[in-house]
Amino acid sequence: MRRLMSGDMSGLDPEQLSRLSGMQIDPAMMQAVMNQLQGAFSGAQDGIDWSLAERQALHIANQDGLGVSAGQRTDIDQAFALAALWLGEATTISDLPRPAKAVTRGAWVSATLPVWQELAEPVATSIADALTDALGQQAPEDMQEMIAGAGRLMRTVGGSLFATQLGHVVGRLSTEVVGGGDVGIPVMPDGDAAILPQNFADFGRDLEIPDDQLALYLATRELAHARLFRHARWLRLHVISQVREFAHGIRVDTDALEELASRFDPSQPDELRSALESGALLPQRSEEQTAALTRLENLLATIEGWVDVVTEDATSRLPSAARIAEAVRRRRAVGGPAEQALGSLVGLELRPRRMREAAAMWRAVTDAVGVSGRDGLWDYPDLMPSAEDIDDHAGLVARLTAASRGEAAPSDAMDDALAQLIAEETAGGSAPGDASPAGPDRSADDAPRDDDDPTPGDQRPV
């Protein structure tokens, strides 16, 4: 701290920094954080420096990262090519504008980090505000004027620390994900699909499934996910806005933060690490947050359920398709360590709990109205199935079946209530004594003319 305040950042003792290994923070990255903090104290920085997150994430991704060999690239390209052909039989949603590809862990980090930054920014702001508020509440009265001017400094410090932690989580995620759509939200650029060969090898190591079948199944699933978000342009914004809506409601538990700081032992940082990874500094969800999380879970389940059904239909020729599908579902239901760390960091769980129910709904819709009728529900936001449709898809199937036959959809309770309201308004608007358009008060200019009344043999358009 003396060197930090004095501006002397040279000659930091690596042994002292290595004591932070219990917090899973690399000493080299800690020195970068110290440089960032020094810039904050000197007033050179303004706002959150997200480059810290990028450097930390790339450091972890490239630490044990391997390049993509020519053989791996050829195998993945062939899997994507065949998967695209099979998907053409299973969905009417068109192919991607760019070919899918095999990427390294570092390339996945660079491609997805802008979305992570967008999703995490509300939480980073909340943490920075909590540090500023805690500083103002604890400072003596005669220091309040000085503290008021330190708000930007505390926001920079808090935001920078959060950015470093986010980079750590995204870097760990890059060691777990197999494809761009693994986490359920659209983190890849629009129209891009990818598989990470290094993580693909780790995923299939204990499954005892031929690599070519596994690659073809995962390529099909990855393409289906990317195609859906490419087709429904509104869906990406819909998902991200719901994640941000949830994140905006997060508030840091300052009491827990102060209590932890009062008994923190720098020589034993495990308690601080546990608090960060377990989400102990985030209070219980509010009712608004719980409702926002429920809406997000239903949305993600609807997306994942469609991807499951389409992938199942497209890979029906694969002998091991059922086994691979079950392994993927278990993996999505449990989540990896990095995904759990992300949930602790921002309080958000990205594992759709109702994926099987949503898949059953999409299967029933496919059987009732076919592939074209099913995929047409993604054309507009108001056509997409709701949470109620997942609970009881019989009503959705009845509406779609009636519409396909050109019949009026079966009415429900809301339709009946609306019809009754319209009937009451109509009955109340025709009281005795009201002048009607055909009544005696009609002006001469409005009187019907002979040429306005078509005769039986008149061929003019009426």
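Asks: Teacher, can you tell me more about the overall build of the protein chain here?
Replies: Each helix and strand counted, the protein chain has 20 helices and 2 strands in total. For the protein chain, the residues scored as buried account for 44% of the 462 residues in total. The contacts of the protein chain with a sequence gap of at least 6 include a subset with a gap of at least 24, amounting to 80%. Put simply, the protein chain shows about 24,100 Å² of open surface, and 53% of that area lies on carbon and sulfur atoms.

Asks: What should I look at first to understand the confidence of the model for the protein chain in this one?
Replies: Low pLDDT marks stretches whose predicted atomic positions should not be read closely. Of the residues in the protein chain, 62% reach a pLDDT of 70 or more, and the chain-wide mean stands at 77. Low pLDDT, under 50, characterises residues 430–462; the predicted model gives this stretch 8 contacts beyond four residues in sequence or across chains.

Asks: Would you mind showing me how to read helix α5 (residues 70–90) here?
Replies: One turn of an α-helix holds 3.6 residues; hence residues three or four places apart share an orientation. Taking 1.5 Å of rise per residue, the 21 residues of α5 would be expected to cover 30 Å, and the 30 Å separating its terminal C-alpha atoms lies within 8% of that figure. Buried residues along α5 sit in contact with β1 (101–102), β2 (194–195), α9 (197–203), α10 (211–231), α14 (287–314) and α17 (355–375).

Asks: I tried to follow the packing of aromatic side chains on my own but got confused; where do I start?
Replies: What characterises a pair of aromatic rings is the spacing of the ring centres plus the angle enclosed by the ring planes. Evaluated as defined, the whole model comprises 3 aromatic pairs. Where Trp362 meets Trp378, the ring centres are 5.4 Å apart and the plane angle is 25°; that geometry is what we call stacked. Here the residue Trp362 occupies a position in helix α17, and Trp378 occupies one in the loop between α17 and α18 (387–391), the gap between them amounting to 16 residues. You'll find Trp362 and Trp378 in the same group, each marked buried. Each member of the aromatic cluster is reached from another via a ring pair, and the members are Trp234, Trp306, Trp362 and Trp378.

Asks: Sorry if this is basic, but what is going on with unusual backbone geometry here?
Replies: The phi angle of most residues is negative, glycine excepted, and most peptide bonds adopt the trans form. Residue Glu208 is not a glycine yet carries a positive backbone phi of 55°. Mapped onto the secondary structure, Glu208 falls in the loop between α9 and α10.

Asks: Help me understand the packing of α5 against α14 in this model?
Replies: Where α5 contacts α14, the axes come no closer than 8 Å and their chain directions differ by 110°. If you check the angle between α5 and α14, you find them roughly perpendicular. Counting all contacts with α5, which are made through Trp86, Leu87 and Ala90, the residues of α14 involved are Val310, Asp313 and Ala314. Here the contact of α5 with α14 is built from residues that sort into 5 nonpolar, no polar and 1 charged.

Asks: Quick question: what am I supposed to make of empty space enclosed by the protein here?
Replies: Think of a ball as big as a water molecule: rolled over the atoms, this probe shows where empty space is left. If you walk through the whole model with that rule in mind, you get 4 cavities of 30 Å³ or more. As a volume, the largest cavity reaches approximately 200 Å³. Lining the largest cavity are 15 residues; nearest its centre among them are Gly179, Asp182, Leu218, Arg221 and Val328. Contributing elements (two or more residues each) for the lining of the largest cavity: β2, α10 and α15 (321–334). Ranked by the residues each element gives to the lining of the largest cavity, the list is headed by α10, at 4 residues. Split by residue class, the lining of the largest cavity holds 6 nonpolar, 3 polar and 6 charged.

Asks: How do you make sense of a nonpolar patch on the surface when you look at a structure like this?
Replies: Together, Leu418, Leu421 and Ile422 make up a nonpolar patch on the protein surface, roughly 290 Å² of accessible area in all. Mapped onto the secondary structure, Leu418 falls in helix α20 (residues 413–428).

Asks: What exactly am I supposed to notice about the pattern of salt bridges here?
Replies: Side chains that carry opposite charge are capable of pairing whenever their charged atoms lie near each other. In this structure the tally under the stated criterion is 17 salt bridges. Residues Asp182 and Arg331 are paired through a salt bridge, measuring 2.9 Å at the closest nitrogen-oxygen approach. Taken together, the residues span a long stretch of sequence, with Asp182 in the loop between α8 (151–173) and β2 and Arg331 in helix α15 at a distance of 149 residues. Residue Asp313 is joined to Arg363 by a salt bridge in which the shortest nitrogen-to-oxygen separation is 2.8 Å. With a gap of 50 residues between them, Asp313 in helix α14 and Arg363 in helix α17 connect regions that are remote in the sequence.

Asks: Explanation requested: the nonpolar core in the structure shown.
Replies: Across soluble globular proteins, you tend to see nonpolar side chains buried next to one another. By size, the foremost hydrophobic cluster in this structure holds 94 residues, and its most contacted members are Trp108, Trp116, Leu235 and Trp378. If you tally residues by element for this core, the top one is α10, at 11 residues. Setting aside residues no more than four positions away along its own chain, Trp116 makes contact with Trp108, Leu166, Val170, Leu173, Val183, Ile185, Val187 and Leu342.

Asks: Looking at this structure, I do not really get the environment of Pro319. What am I missing?
Replies: Tracing the backbone shows Pro319 in the loop between α14 and α15. Each C-alpha atom, one on Pro319 and one on Ile209, is 9.8 Å from the other, the two residues being 110 residues apart in sequence.

Asks: In this structure, what is going on with the side chain of Ser320? I would like to understand it.
Replies: Mapped onto the elements, Ser320 comes out in the loop between α14 and α15. Ignoring anything within four residues of it in the chain, the contact list for Ser320 reads Ile209, Pro210 and Gln213.

Asks: Explanation requested: a negative patch on the surface in the structure shown.
Replies: Taken together, the side chains of Asp75, Asp77, Asp211 and Asp212 make up a negatively charged region of the molecular surface. Elements represented by at least two residues in the negative patch include exactly α5 and α10. Inspection of the secondary structure puts Asp75 in helix α5.

Asks: Just checking my understanding: could you explain the packing of α10 against α15 for this structure?
Replies: When two helices pack together, their arrangement is given by the angle between their axes and by how far apart the axes lie. It is the contact of α10 with α15, at a shortest axis distance of 10 Å, that shows an interaxial angle of 55°. Here α10 is positioned oblique relative to α15, judged by the angle of their axes. For the pair α10 and α15, the sense of crossing is right-handed. Where α10 approaches α15, its residues Gln213, Leu214, Tyr217, Leu218 and Arg221 are matched on the opposing element by Ala321, Ile324, Ala325, Val328 and Arg332. Its residues assigned to classes, the contact of α10 with α15 comprises 7 nonpolar, 1 polar and 2 charged.

Rules and cut-offs
- Residues numbered from 1 in each chain as written.
- Predicted model: local features only at pLDDT ≥ 70, side-chain atom pairs only at ≥ 80, totals over all residues.
- Heavy atoms only, no water.
- Helix = DSSP H or I, 4+ residues; strand = E, 2+ residues; numbered from the N terminus.
- Buried < 20%, exposed > 50% of the residue type's maximum accessible area, 1.4 Å probe, protein only.
- Contact = heavy atoms within 4.5 Å.
- Areas by Shrake-Rupley, 256 points an atom, 1.4 Å probe, with all protein chains shown as cover.
- pLDDT = per-residue confidence, 0-100.
- Expected span 1.5 Å × (residues − 1).
- Phe/Tyr/Trp six-rings, centres within 6.5 Å; stacked < 30°, edge-to-face > 60°.
- Axes fitted to C-alpha atoms, helices over the stretch in contact; angles between N-to-C directions.
- Parallel < 35°, antiparallel > 145°, perpendicular 65-115°, else oblique.
- Nonpolar A, V, L, I, M, F, W, Y, C, P; charged D, E, K, R; others polar.
- 1 Å grid on protein atoms, 1.4 Å probe; cavity = no way out; pocket = protein on both sides within 12 Å on 5 of 7 lines; lining within 4 Å.
- Points joined across faces, edges and corners; volume = space filled by probe spheres on them.
- Patch = residues over 30% accessible without salt bridge, like charges linked within 9 Å, V, L, I, M, F, W, Y side chains within 5 Å.
- Salt bridge = Lys/Arg side-chain N within 4 Å of Asp/Glu carboxyl O.
- Core = buried A, V, L, I, M, F, W, Y, C linked by side-chain atoms within 4.5 Å.
- Lys, Arg positive; Asp, Glu negative; His and termini not counted.
- Charge placed at Lys NZ, Arg CZ, Asp CG, Glu CD.
- Left-handed = near helix turned anticlockwise from the far one by under 90°.

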